[in-house]
Amino acid sequence: PELLAAFQARIDRGERIEPKEWMPEGYRKTLIRQIGQHAHSEIVGQLPEGNWITRAPTLERKQILLAKVQDEAGHGLYLYSACETLGISRDELFDRLHSGAMKYSSIFNYPTLTWADMGAVGWLVDGAAIMNQVPLQRTSYGPYARAMVRICKEESFHQRQGYTIMMKMAQGTPEQKAMAQDALNRFWYPSLMMFGPSDKDSVHSAQNMAWKIKINTNDELRQRFVNETVPQARYLGLEVPDENLTWNEDKQGWDFSEPDWSEFFAVLKGDGPCNEERLGARRKAWDDGEWFRDGLTAYAEKQAARRKAHAAE
Amino acid sequence: PELLAAFQARIDRGERIEPKEWMPEGYRKTLIRQIGQHAHSEIVGQLPEGNWITRAPTLERKQILLAKVQDEAGHGLYLYSACETLGISRDELFDRLHSGAMKYSSIFNYPTLTWADMGAVGWLVDGAAIMNQVPLQRTSYGPYARAMVRICKEESFHQRQGYTIMMKMAQGTPEQKAMAQDALNRFWYPSLMMFGPSDKDSVHSAQNMAWKIKINTNDELRQRFVNETVPQARYLGLEVPDENLTWNEDKQGWDFSEPDWSEFFAVLKGDGPCNEERLGARRKAWDDGEWFRDGLTAYAEKQAARRKAHAAE
Amino acid sequence: MVALDLDRQTLFDWLLRLGDNALILGHRTSEWCGHGPALEEDIALANTALDLIGHCQMWYTLAAEVEGKGRTADNLAYLRDAIQFKNVKLVELPNGDIGQTMMREFLFNAFHFELLTALTGSTDPKVSEIAAKAVKEVAYQLDRASDLVVRLGDGTEESHRRMQAALDYLWPYVGEMFLADATDDALAEAGIAPRLTDIQTKWEAIVSDTLDEATLTRPDRRPDVHTGGKQGRHTEHLGYILAEMQFLQRAYPGAEW
Amino acid sequence: MVALDLDRQTLFDWLLRLGDNALILGHRTSEWCGHGPALEEDIALANTALDLIGHCQMWYTLAAEVEGKGRTADNLAYLRDAIQFKNVKLVELPNGDIGQTMMREFLFNAFHFELLTALTGSTDPKVSEIAAKAVKEVAYQLDRASDLVVRLGDGTEESHRRMQAALDYLWPYVGEMFLADATDDALAEAGIAPRLTDIQTKWEAIVSDTLDEATLTRPDRRPDVHTGGKQGRHTEHLGYILAEMQFLQRAYPGAEW
C-alpha cells in the first residue's frame, strides 16, 4: 500500500514510469491489454487497406497506400516492443490475438468496398485514432508515451492523405462523388464507435484515468471528433448520415445521434462483416509462416554452434 | 496365327471389332494408348479454354464457351467409356495421366493469352482435331468409331463457333484485329504439329493402318488441313505466319513450311509453356477431390448395408 | 406489361437482384470448370453455370426493358460496379472446397427453387414466363445438390466434417435471402412476388429434412449476420469478381465480340 | 537526350521492359501486404514493393518522353493490355509460399542489380541517372534476399526442401533475363545498355556463391525453357494481374484520383 501510494504520487506529479520500476499488477495488466490491443489493431489494420493496394488507381496512389500500410506494420513493431517491456513476448501476444483472447479495434471488421474507402479510412478512422492517441502522448508509462509521439506524427500525415483522397473523389465525376458519400455513410457510425461506449457504463475508467493510462473520457473524445469532422465533411460537400445533427450553441459543439451500440457489441463478439476474414487472414499468415520462422531459428542455432566449434579449435 | 489372320481378314472386309471379341494384344494396347490419350486431351483441353470463361466478353459468348467446355468433358466421358471396354478402368487411366505415363495432345500446353485465342482454338485446334477424327469414324474398333461419330458432330459445331469469334475479332477494332493476328501467329505451327511428325519417321504406322486404327498418314492430314485453312485465313484478312506458303498447281495444294519439330519434342518431353500448369491443375483437381469421391463411396456402402439389414429383418 | 402501380425503379431493382444472384453464382460455379473432383461433377458444374448465366440474361433483358433507357443485358452485367450489384452476399463468397460449393448450391437453390415456383404465379406475365423456364433447371440443380449434401454429410468422417464446416461457415449468410426490405414489400403488395416469409417457411422445411438425412447439425448461430448485398453493400470479394469478369468490356469499350 | 542513331521505338520498347519488370514484380510483392510470416517481413516486403513501383514510374516517365505521344507513366501502367507488356515471365508468376517469393526476389535481383550497376555507366544520362537512384535500393533488396535464401536453405529440413523446390520451379524462367534479342543488341550497340552476356556472367557468380552457401543444388535443367515475355508473349497469369490492377482506370476512364 505504501508502494502503491508512492506510485500514485509519482503519476500525480507527472513523472513517467519506466520498465524496470515497480508498478501495481493491475497497471501492468491494463497496459498490456491496451498496448497489445493497439498493436494488434495496427497489424489487422493493414488488411482493409491492403485490400486496395493491387487496385490503386494511379502509381502515386499505390505508393502512398503502400507507404501507409508499411507505416502501420512499423507502428505494430514499436507497440509490440513497448508491450514487451512489460514482460510479455510478441509471440505470446500473437497467440492471444489468434486465440481471440485479445481484441483489435472493431473498425477493422468493416470491409473496404470502393476506392473512396481508402479516403474514408484515412480521414475518419485515422482521424478518430489520432483523437484517441494524442492525449496518450502524455500517458504515464514511458515506452508507451514515446511510441505514441512517433505514431501520432505519422497518423496525422495519413489522415491528411485520406482527406486528400476524399477531396479528389468528392470533386470528381458523379460516380466518384457517389462513392465518397457512400464511404462516409458506411464509416461514420463505426468511426464514432471507435471511442467506445459512454464511460458511464465503464467500471475501469476511473482507475485508468487516475493511472493516466486513460486521459479523456470516451464521450469527450467522441464530441471532439464530431466537432472537427462535421465541418470537414461540409467542406467536401458530403452529408453526414445523421438527421439529428445540429449545432448546439450552448456547448459550442454538435449534437449528434449515438451509434447503434447493439451493432458495436455484435461486432465485438464476432458478428461483424469481416471478423472471420480478418482474424482468419492473420492466423493463416502466422501458420503459413511457421516453417519460415523455424528455418531462421535453426540457421541461427547452427551458426552459433559453428562459431563455438571454430573457437574451440 | 490363324486367329490373327482371321482377325485381319475381318478388318479387311470392313467389319467392326466389338469389345468381347478376340483381338491381338498389340491391337488392344495400341487402342488403349490412342483412345486414352484422346480422352485425356479432352479433359486437359478444358483448361486453356476454361481460362477465359470468367472473362468472356458477353453473356452469350460466356454461354457458348461454357457449353463447349462442358462438351469436352462429355467427350472425355464417352472416350473413357470406350477405353474401359478394352479392360482398363477410368481410375487407372487417370493414374497413368497423372504419373506422366500417358500423354495428352501437346497443343494444350500452349497458353491462351487473349480472347482471340478462344477463336483460334476453335478454328485451328478443333479444326485439326476434326481432320484427325473424321476418318476415325471408320476405325475398326466399334466403340471407338461410334464415339467418334458423336464427337465429330459436336467438334464441327465448335469449329464454326471458333471461326465466328475470329471473324468478329478480324472485323473489329484495330486492337481486336491485332489480337486475332497474334492468335493465328501463335497457334499456326502448334496446330500443324497436332498431326504428328512425318510418318516416314514412325515405326508403328504401317501396322496401325493395317488394323484400321490409323486411316491416313500424318502428312496427308496435315496437307488437307493447310489446304482448308489457308483460304479461311485469307477470308478473315489474316496472314498465315509462313513466308514459304505458295500454291502448288501440280498437287492442287499449298506448299508450306514444316513446323519446328525440335519444339514439338521439347513440349512432348515437358518443356512446353504450360506442361507443369496443365498437369498440375489436373493432379490438384484429382487430389483435392479424393475426400469427395471417398465420401460418395462410403455412403453407397452404407446404403447397401442398410438395404441388406432391412431385407434381413 | 408490368403492374402500373409499381414504381419502375423498384421493379428494376428487384429484377436486378434476380439477375445478379444468377450471374454471380454462375460466375463462381464456372470457376470450377476443369477442376472438379470427378468428370461427372465437371459436367454438372458447367451445366449449372450455363443455366444460371441463361437466367441472368433473361432477368437482365426484362430489367433493361423496364428501365427503358436502352441498356442491354450485357450492359447490366458488364458495366456496373460493385455498389450497383444487388445479389445476396452468399453467392459471392469464394467457392472453398467442393463441399462448400455444393452446400452453398443447396442452401441457395432451396430458396431459388421456392422463389421461382412462387413467381410462376406472378401477376406479371413476363416474370412468370421467365420463372417457368428457369424453375425446371433449378429444380434439377436442387435435387442434385441436396442429394450430394446427403451423401457427403453421411459419407466418411472427413466428408461429414467438411460438410458441417461448410454449413457453419455459410449459415450466417443465408438469412439475407429472406430479409424483406421496401423493395420486396412493394413487389409482394403488387402481387408480382411472394412474401419472403412464405418462401422462408418452405425453405426451412427443405433444409431441415435434408440436413437431418445428411446427419448434419443446424448451426446454433443467427442466420442473418451478414446482410446488405441486396442493397449494394457487399463483401470485399465482389470487386475482384467484377474486375475479372468485366475486363474486356471495360478495356475495349464499344467493341463487338 | 537519347542517342540519335537509335530507333525511338526500340528505345521505348527497352524502357518498357525495365518499367514492366518493376511494376509487375512490385505488384506481386505487394500482394504480401499484411500476410507475411513475421512483422519484419511485412515491412520489408511493403518496402520492396514501394521501391519497385517507384522505379517503374521513373522508367515509364522516360519511356513516355521518348515516345513523344503525350502519354503519362500512369497511361503506360494502366492502359496497356497483356500483349503490350514486356516484362520477363519470371516476375509475373504467382508468389507461391514466402520461400518461392524470396527465391524469385533473389534470382531477379541478382540480375536487376548487375543490370542497374552497368546502366549507371550508360551513355544516356537520363538512363544512368535513373539507374543510379534505383541501384541503391536494389542492392539492399539483393542483400536481404540472398541472406534469406542462405538462412532458409541452410535452416531446417523443411525450409531446405521448400527453397530447393522454389529454385527448381523458377529455374526454367531465369534464362529469359539474359536472352538478347534485336532490341537488346541495338541498345548495347548504342552503348546505352550492357551486353546481357556480361550481366549473365556476373549473375552466375552471385547465384553460384549464394546457392553453395545455402546448401542448395543448381537445377539440372535448361534455364531458358520459358521465354517470350520480353516480346509480349506471357503466361496466363499476367492477364489476371492486369484485370485487377487496371480496374479503376478502365471502369472510370478519364477520372482523376
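The residue numbering used here restarts from 1 in each chain and proceeds along that chain's sequence as written. In the order they appear in the text, chains get letters beginning with A and ligands get numbers beginning with 1. In view of the model being predicted, local features appear only for residues whose pLDDT reaches at least 70, and side-chain atom pairs are presented and counted only at 80 or more, with totals across whole chains, interfaces and linings using the full set of residues. The basis for every side-chain value is the complete set of non-hydrogen atoms in the structure, without hydrogens or water.

Chain C has the name Ring-1,2-phenylacetyl-CoA epoxidase subunit PaaC in an unreviewed UniProt entry, where Donghicola tyrosinivorans is given as its organism.

Only DSSP runs of H or I reaching four residues or more are called helices, and only runs of E reaching two or more are called strands; each is numbered from the N terminus. Summing up its helical and strand segments, chain C has ten helices and zero strands in all. In sequence order, chain C lays out its α and β elements as α-α-α-α-α-α-α-α-α-α. Counting only C-alpha atoms and orienting by the principal axes, one finds that chain C spans roughly 55 × 40 × 30 Å. Buried, partly exposed and exposed residues are distinguished by accessible area as a fraction of the type maximum, computed with a 1.4 Å probe on protein chains only: under 20%, between the cut-offs, and over 50%, respectively. Looking at the 257 residues of chain C, the share that counts as buried comes to 65%. Taking the contacts inside chain C whose residues are at least 6 apart along the sequence as the reference set, 81% of them involve residues at least 24 apart. Only the protein chains shown count as cover for residues, and the accessible areas themselves come from Shrake-Rupley with a 1.4 Å probe. Per element, the accessible surface of chain C, about 8700 Å² overall, is 50% carbon and sulfur. Any two residues having at least one pair of non-hydrogen atoms within 4.5 Å are treated as being in contact.

Chain B puts 47 residues into the contact, and the matching count from chain C is 50 residues. Together, the buried faces of chain B and chain C total about 4200 Å²; carbon and sulfur atoms form 67% of this surface. Note: buried area is the sum, over both parts, of the accessible area (probe 1.4 Å) each one loses when the two are combined. If you sort the residues of chain B by the area they bury against chain C, L59, W291 and F292 of chain B come out on top, with a joint share of 20%. By convention in these notes, a salt bridge is any Lys or Arg side-chain nitrogen within 4 Å of a carboxyl oxygen on Asp or Glu. Between D42 of chain C and R282 of chain B there is a salt bridge, with the nearest N and O atoms lying 3.8 Å from each other. Each polar contact in these results corresponds to two N or O atoms within 3.5 Å; when the atoms are within protein, one needs to be able to donate a hydrogen and the other to accept it, and residues that are neighboring in sequence are counted only if both atoms are side-chain atoms. At the surface where chain B touches chain C, the tally comes to 16 residue pairs in polar contact (both at pLDDT 80 or more). Among the elements of the structure, α3 (46-50), α4 (59-84), α7 (142-170), α8 (174-193), α12 (275-288) and α13 (290-312) of chain B are those that each provide at least two residues to the side of chain B that touches chain C. Among the elements that line the side of chain B that touches chain C, the one with the most residues is α4 of chain B, at 14 residues. Split by residue class, the side of chain B that touches chain C holds 24 nonpolar, eleven polar and twelve charged. Under the grouping applied here, Gly and all other residues not named as nonpolar or charged are polar, the nonpolar ones being Ala, Val, Leu, Ile, Met, Phe, Trp, Tyr, Cys and Pro and the charged ones Asp, Glu, Lys and Arg.

Scanning all chains against the criterion turns up 82 salt bridges over all chains. A salt bridge links R222 of chain D to D224 of chain D; the shortest N-O distance between them is 3.0 Å. Here R222 of chain D falls in the partly exposed class, since its relative accessible area comes to 47%. Salt bridges here are not isolated pairs; linked through shared partners, they connect R10, R13, E15 and E21 of chain A.

Right, let's get into the interface of chain A and chain D. Interface size is commonly expressed as the accessible area that is lost once the parts come together. Taken residue by residue, the interface counts 47 residues in chain A and 50 residues in chain D. For the pair chain A and chain D, the summed buried area comes to about 4200 Å², and 67% of that belongs to carbon and sulfur atoms. It is L59, W291 and F292 of chain A in chain A that bury the most area against chain D; as a group they hold 20% of the surface buried on that side. Across the chain A-chain D interface, the total number found is five salt bridges.

This part takes up unusual backbone geometry. Not every positive phi belongs to a glycine, and Q252 of chain A is a case in point at roughly 50°. Summarising the element assignment, Q252 of chain A is placed in the loop between β1 (246-248) and β2 (253-255). Residue T215 of chain C is not a glycine yet carries a positive backbone phi of 60°. In this structure, T215 of chain C sits in the loop between α8 (196-213) and α9 (237-245).

Now for the packing of aromatic side chains. Stacked, edge-to-face and tilted labels apply to pairs of Phe, Tyr and Trp rings (six-membered ring for Trp) whose centres lie within 6.5 Å, assigned for plane angles under 30 degrees, over 60, and everything in between, in that order. Considering all chains together, one arrives at 37 aromatic pairs over all chains under this definition. A ring pair is formed by W291 of chain B and F292 of chain B, whose centres lie 6.3 Å apart and whose planes are at 85°; its orientation type is edge-to-face. Just as W291 of chain B is buried, F292 of chain B falls in that class too. With a centroid separation of 5.8 Å and an interplanar angle of 55°, the aromatic rings of F108 of chain C and F111 of chain C are classed as tilted. Of the two residues, F108 of chain C and F111 of chain C are both situated in helix α4 (residues 98-119); the distance of three residues between them amounts to about one turn of the helix. What makes F108 of chain C buried here is its relative accessible area of 1%. Given the relative accessible area of 6%, F111 of chain C is considered buried. Put simply, the rings of F7, W22, Y27, Y141 and W211 of chain A touch in pairs and so form one group of aromatic residues. The ring of W286 of chain B has R293 of chain B sitting right over it, with the charged end atom 3.4 Å from the ring centre. Any Lys NZ or Arg CZ that is within 6 Å of a ring centre and within 35 degrees of that ring's normal is treated as a charge sitting over the ring. In this structure, R80 of chain C packs its charged tip against the face of F85 of chain C, placed 4.1 Å from the ring centre.

This part takes up the state of the cysteines. Residues and elements named next belong to chain B. Here, the term disulfide refers to a pair of cysteine sulfur atoms separated by no more than 2.5 Å. Applying the stated rule across the entire model yields zero disulfides over all chains. Cysteine C83 is unpaired, with the sulfur of C152 as its nearest cysteine sulfur at 17 Å. A relative accessible area of 0% places C83 in the buried class.

The next point concerns helix α10 (residues 218-236) of chain B. A helix is expected to span 1.5 Å multiplied by its residue count minus one. In this model α10 of chain B runs 27 Å from its N-terminal to its C-terminal C-alpha over 19 residues, within 8% of the 27 Å that 1.5 Å per residue would give. Residues of α10 of chain B that are buried sit in contact with α6 (116-133), α7, α8, β2 (253-255) and α11 (261-271) of chain B.

A separate point is a nonpolar patch on the surface. All names here are of chain A. Like-charged residues are merged into a patch within 9 Å and nonpolar side chains (Val, Leu, Ile, Met, Phe, Trp, Tyr) within 5 Å, provided each residue has over 30% relative accessible area and no salt bridge. A contiguous nonpolar surface patch, about 290 Å² in accessible area, is contributed by L3, L4 and W22. Along the chain, L4 falls in helix α1 (residues 2-12). Here L4 falls in the partly exposed class, since its relative accessible area comes to 41%.

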